[in-house]
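One letter stands for each residue in the lines below.
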Protein chains: 2
Amino acid sequence: MFHLLKQSGKARRGTLKTAHGEIQTPFFMTIGTVGAVKGLLPSEVKELGGQVILANTYHLHLRPGEDVVEKAGGLHKFMDWDGPILTDSGGYQVFSLSKIRKLKDDGVEFQSHLDGKKIFLTPEKAIEIQMKLGSDIMMVLDECPAADAERKYIEKSLELTTKWAQRCKQFHDAPQSPHNRPTIAPQLLFGIVQGGMHPDLRERSAKELVAIDFDGYAIGGLSVGEPNEVMYQMIEHTVPHLPEDRPRYLMGVGTPQDILEAVERGIDMFDCVLPTRNARHGHLFTSEGIVRIKNERYKEDFTPLDPECGCYTCKHFTKAYLRHLFMANELLSLRLNTLHNVAFYLNLMKQIREAIEEDRFDEFKKEFLNKYNP
Amino acid sequence: MFHLLKQSGKARRGTLKTAHGEIQTPFFMTIGTVGAVKGLLPSEVKELGGQVILANTYHLHLRPGEDVVEKAGGLHKFMDWDGPILTDSGGYQVFSLSKIRKLKDDGVEFQSHLDGKKIFLTPEKAIEIQMKLGSDIMMVLDECPAADAERKYIEKSLELTTKWAQRCKQFHDAPQSPHNRPTIAPQLLFGIVQGGMHPDLRERSAKELVAIDFDGYAIGGLSVGEPNEVMYQMIEHTVPHLPEDRPRYLMGVGTPQDILEAVERGIDMFDCVLPTRNARHGHLFTSEGIVRIKNERYKEDFTPLDPECGCYTCKHFTKAYLRHLFMANELLSLRLNTLHNVAFYLNLMKQIREAIEEDRFDEFKKEFLNKYNP
């Protein structure tokens with residue numbers, strides 16, 4: 001399922017087979033929270049080199065509901081994307097979006113951020129929803145403790161996360177599980193390593209999950225406010241305890257620099273709202289660093305946003321026009337900016353893959369960062 | 001410049017030659033207020049059959065300013081649209097958007113709706129701005145009286161509009177005018193008939209403008225709250241006084257039915273915010289009438305929005321998905337809805353042109369409305 005093709009230092013180049021095609025690793029997943037990438041067509045994401053879209057179980061459960069998606073023929077058909085889809089378990093959103101949440105041994109009670117309705121999510125329910133959505137990669141339900149939580153809390157949370165991971169795996173593997181109906185394409189299931197900023201807890205979490213045996217392993221609970229260096233250290237403390245033959249996914253990360261640092265430490269998969277969300281705030285990624293397009297200096301700048309980028313935005317419009325659209329709150333501004341930022345991230349991943357193939361990842365990383373962060 | 005190819009009753013099929021290509025009439029102009037169609041690329045507008053984009057002098061004067069656009073190489077280059085552009089004079093926006101406006105004989109003082117800055121717009125200035133923008137069809141500065149204005153006011157306003165029209169024409173024709181610099185492509189200039197809901201004033205306005213001799217004639221001040229029948233009557237009272245060999249433009253109109261009624265009465269050109277604005281409110285035009293996509297009945301409707309439409313939205317997505325995106329306030333909803341509504345309007349115009357060519361306009365109109373308004 002995961003096939004390692006090449007290493008450059010610890011950076012890995014591989015392939016991951018799913019029911020909707022083989023993915024080239026390392027890769028970045030474009031966020032499609034409710035089953036749509038904000039402002040882009042699925043066909044555009046594909047043209048830009050996007051391989052996987054990430055959708056949110058929590059959001060789709062609340063609206064339109066997994067039963068509607070199932071009746072539509074699954075999420076791929078509903079949103080017109082025939083490539084792989086990863087769905088998270090909803091765990092992170094329960095902890096970040098709900099005003100109340102009551103943790104119990106067998107699940108978590110939370111309130112819909114839309115209408116305040118109380119919902120009880122169990123590990124089994126999280127998997128069942130993802131089965132109905134029909135994603136290619138499912139995530140176990142985990143608990144994501146706050147960045148400033150005490151060690152004692154994190155320890156207890158870790159135990160719960162392991163227990164829930166076991167129950168997810170059991171439900172996934174059970175012969176009566178809808179997953180095992182022959183009509184449903186096989187869905188991969190990933191565990192999520194927690195453990196806060198404690199190396200020993202990260203190690204313990206990784207080992208417990210590996211004992212359960214998942215198709216891949218995510219590192220959760222990072223990029224929650226800690227210094228970058230601490231995040232990189234946590235990756236270093238976790239990766240050695242994960243099997244070589246399974247993909248490694250750093251959840252919710254990050255900046256171009258974060259991605260390079262993580263690939264260097266052996267990470268294969270990423271997702272982040274940065275390219276899409278920042279695009280909407282006029283915060284644009286370029287090979288020469290960040291362009292805040294509303295800056296007065298671009299008012300009469302008739303050059304392309306990023307001379308090294310081949311996306312539609314860079315080929316057809318000038319910074320002056322992009323600034324004008326942004327200042328005028330034009331809808332097209334969101335679209336052109338998003339298109340470019342997604343192109344930038346996907347192109348970075350492509351360059352990373354090529355650099356690993358040619359065993360010059362370190363060199364590429366240095367060159368990229370020198371130009372990006374002069 | 002305007003060439004009449006065929007008539008079917010009073011409905012006219014012709015061509016209008018501009019510096020950026022020949023336009024097939026009757027046609028509908030997609031609104032690109034600030035130099036962008038809301039949510040669509042210029043290349044998409046063209047693919048949908050769009051021939052002309054309408055941009056607003058008032059908005060572009062305030063932001064980014066006509067000097068920036070001129071430095072960019074003109075509006076066509078700035079916004080990446082190489083087809084014809086029509087710019088209005090700013091007159092209508094001065095009267096609809098500014099809190100204060102002081103009419104004087106030689107122009108109008110108004111406040112920017114963005115920052116409250118006072119601006120004085122003269123007929124010459126309105127043309128000069130449009131020359132810098134480099135549009136293919138320019139409109140004279142007019143005064144657009146309110147729908148409930150008294151006859152006396154409308155009469156005075158009409159006189160001012162005629163006087164301003166003369167000054168616009170003079171400025172346009174003057175040998176020292178930037179328009180007559182050999183580097184600038186020839187720009188057509190249209191007059192605007194006013195006269196409220198008074199047939200004799202409409203006649204007078206038309207005759208006075210025809211005496212000045214414009215490249216085309218618009219009918220302004222309609223669709224401002226009067227009953228549809230009154231609007232159709234005003235068209236009937238105006239058209240006979242306009243020359244056969246010039247295009248006729250009904251400003252700011254309208255619904256599919258309005259367009260059919262106006263074409264039947266000899267109108268060649270239209271613009272309206274309806275397809276784009278209503279798209280953003282989930283109000284979608286289809287061959288079977290209007291679909292309000294948020295309606296609960298579409299929750300599990302897995303059929304296309306309009307089975308007769310070949311646009312990307314209708315070919316790739318279901319009503320259930322479009323409803324989901326709309327309910328979730330997704331950015332992609334605005335884009336997919338706009339794409340469809342613009343496709344619907346442009347396709348209607350194409351069908352109208354074909355029906356006139358084949359001398360079956362009356363039949364087409366009946367069939368269309370029977371299905372649209374059953």
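*Asks:* Now, about the sheet that holds strand β2 (residues 11–18) of chain B: what can you tell me, with residues and values included?
*Replies:* Residues and elements named next belong to chain B. In spatial order, the strands read β1-β2-β3; together these three strands make up an open sheet with antiparallel pairing. Edge strands, defined here as strands with exactly one partner in the open sheet, are β1 (2–8) and β3 (21–25). Going across the sheet, the axis of each strand differs from the next one's by a mean of 15°, ignoring polarity. Pairing geometry for β1 and β2, over six bridges, is antiparallel. The residue bridging Lys-6 from the neighbouring strand is Arg-13, located in β2.

*Asks:* Run through the relation of the copies chain B and chain A, naming residues and quoting values.
*Replies:* The transformation that overlays chain B on chain A combines an axial shift of 0.0 Å with a rotation of 180°, and the residual RMSD is 0.0 Å. Between the two chains, the operation in question is that of a two-fold axis. Take the interface residues of chain B: 100% of them recur as interface residues in chain A, which is what a same-surface contact looks like.

*Asks:* I'd love a proper account of helix α9 (residues 228–238) of chain A, names of residues and values included.
*Replies:* Residue and element names in this part refer to chain A. Residues of α9 that are buried: Met-231, Met-234, Ile-235, His-237 and Thr-238. The buried side chains of α9 occupy one side of the element, clustering within an arc of 165° when seen end-on. Against the buried residues of α9 lie β11 (188–193), α8 (199–212), β12 (216–219), β13 (248–250) and α10 (256–264).

*Asks:* How would you sum up the nonpolar core? Please name residues and give values.
*Replies:* Core analysis: the largest hydrophobic core is formed by 223 residues, its most contacted members being Phe190(A), Leu250(A), Phe190(B) and Leu250(B). Those residues in contact with Phe190(B) that sit more than four places away from it in its chain are Ile137(B), Met139(B), Val140(B), Phe214(B), Asp215(B), Gly216(B), Tyr217(B), Ala218(B) and Tyr249(B).

*Asks:* Tell me about the packing of helix α7 (residues 151–173) of chain A against α8(A), and name the residues and values.
*Replies:* Residue and element names in this part refer to chain A. The N-to-C vectors of α7 and α8 enclose an angle of 15°; their axes lie 10 Å apart at closest approach. As summarised for this structure, α7 and α8 are arranged roughly parallel, according to the angle between their axes. Handedness of the α7/α8 crossing: right-handed. Where α7 abuts α8, its residues Ile-154, Glu-155, Leu-158, Thr-161, Thr-162, Ala-165, Gln-166 and Lys-169 lie against Leu-201, Arg-204, Ser-205, Glu-208, Leu-209 and Ile-212. Its residues placed into classes, the contact of α7 with α8 shows six nonpolar, four polar and four charged.

*Asks:* Please provide a residue-by-residue account of the domain arrangement of chain A, values included.
*Replies:* Residue and element names in this part refer to chain A. Under the domain assignment, chain A is made up of domain 1 (2–272) and domain 2 (281–372). A C-alpha centroid distance of 28 Å is found between domain 1 and domain 2. Counting residues at the interface gives 24 residues for domain 1 and 27 residues for domain 2. Mapped onto the side of domain 1 that touches domain 2, the elements with two or more residues apiece are β1 (2–8), β2 (11–18), β4 (27–31), α1 (42–47) and α10. By residue class, the composition of the side of domain 1 that touches domain 2 is 11 nonpolar, eight polar and five charged.

*Asks:* Outline the pairing of strand β4 (residues 27–31) of chain B, supporting the account with residue identities and numerical values.
*Replies:* All names here are of chain B. For β4, the tally of buried residues reaches five of five residues, placing the bulk of the element in the interior. Alternating positions in β4 separate into two faces, Phe-27, Met-29 and Ile-31 on one and Phe-28 and Thr-30 on the other, with burial throughout. Bridging between β4 and strand β14 (residues 269–271) involves three bridges; their strand directions are parallel. Each bridged residue has a counterpart across the sheet, and for Met-29 the counterpart in β14 is Asp-271. Pairing between β4 and strand β5 (residues 53–55): two bridges, direction parallel. In the strand pairing of β5, Ile-31 is matched with Leu-54. Between β4 and its parallel partner β5, the chain crosses via helix α1 (residues 42–47), and the hand of that crossover is right-handed.

About the criteria used
Residues numbered from 1 in each chain as written. Chains lettered and ligands numbered in written order. Predicted model: local features only at pLDDT ≥ 70, side-chain atom pairs only at ≥ 80, totals over all residues. Pairing = 2+ DSSP bridges. Helix = DSSP H or I, 4+ residues; strand = E, 2+ residues; numbered from the N terminus. Axes fitted to C-alpha atoms, helices over the stretch in contact; angles between N-to-C directions. Least-squares fit on C-alpha atoms with pLDDT ≥ 70 in both. Contact = placed C-beta atoms within 7 Å. Buried ≥ 20, exposed ≤ 12 C-beta atoms within 10 Å, placed from the backbone. Arc of directions from axis to C-beta. Core = buried A, V, L, I, M, F, W, Y, C linked by C-beta atoms within 7 Å. Parallel < 35°, antiparallel > 145°, perpendicular 65-115°, else oblique. Left-handed = near helix turned anticlockwise from the far one by under 90°. Nonpolar A, V, L, I, M, F, W, Y, C, P; charged D, E, K, R; others polar. Domains from an automatic or database assignment. Right-handed = clockwise from strand over helix to strand, strands pointing away.

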